[in-house]
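These are the residues of each chain, in order.
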Amino acid sequence: MNRLHVVSKTDTDIVTNPKARRDYEITDTFECGLVLKGTEVKSIRAGKAQINEAFARVEKGEVWLYNAHIEEYSHGNWTNHKSKAKRKLLLKKSEIRKLYDEGSIKGNSLVPLKLYWKQSRVKVLLAVGKGKAKTDKRQDMQKRDSDLEMKRAMMAAMKGR
């Protein structure tokens, strides 16, 4: 009996961090597992998570995610989680060493790009980023605007306007 794989909500992004690509020049990315409690998973399934202000650190050979806001589960009881608790990220030792080496360079930060489902597990796409200056951000905006204008002009020329 053949079963078709149906794309469902569990195969998509949960939350993205739009400020990360704007404020940082991304040099490397890592897929990390995330240690969560049951009420945290239920709250994430309800879509009540934010990683806009989140960052990661390597401490004593482990990687921790700070300031990731996962709202308390509405039907939780005394076992409910704290919304801004630090959460452990799961990586291989070699990846942790690489993150430590790259993160300890002045100007580099460990920022989460997105939270997403992979099969039935929550994953974090963690990036090593170097902070951009305001002039870099302006240049990126100008480049994006000029690319958009060029696409519009090409489409208009193709339509014969």
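Our subject is the structure that appears above.
These numbers were taken from a predicted model, which means no experiment stands behind them.

**Q** Any chance you could explain the pairing of strand β7 (residues 87-90) here in plain terms?
**A** For a regular strand, the rule is simple: side chains alternate between the two faces of the sheet. Of the two faces of β7, the one lined by R87 and L89 is fully buried and the one lined by K88 and L90 carries no buried residue. Across three bridges, strand β5 (residues 62-66) lies against β7 in antiparallel orientation. Bridge assignment links W64 to a residue of β7, and that residue is K88.

**Q** Even after reading the chapter, I still don't get the pattern of salt bridges, so can you show me in this structure?
**A** Pairing between side chains becomes possible if they bear opposite charge and their charged atoms approach one another. Enumeration according to the criterion identifies seven salt bridges in this entry. Residues E53 and K19 are paired through a salt bridge, measuring 2.9 Å at the closest nitrogen-oxygen approach. Taken as a pair, E53 in the loop between β3 (49-50) and β4 (55-59) and K19 in helix α1 (residues 18-23) lie far apart in primary sequence, 34 residues in all. Here E53 falls in the partly exposed class, since its relative accessible area comes to 47%.

What counts, and at which threshold
Residues numbered from 1 in each chain as written. Predicted model: local features only at pLDDT ≥ 70, side-chain atom pairs only at ≥ 80, totals over all residues. Heavy atoms only, no water. Buried < 20%, exposed > 50% of the residue type's maximum accessible area, 1.4 Å probe, protein only. Helix = DSSP H or I, 4+ residues; strand = E, 2+ residues; numbered from the N terminus. Pairing = 2+ DSSP bridges. Salt bridge = Lys/Arg side-chain N within 4 Å of Asp/Glu carboxyl O.

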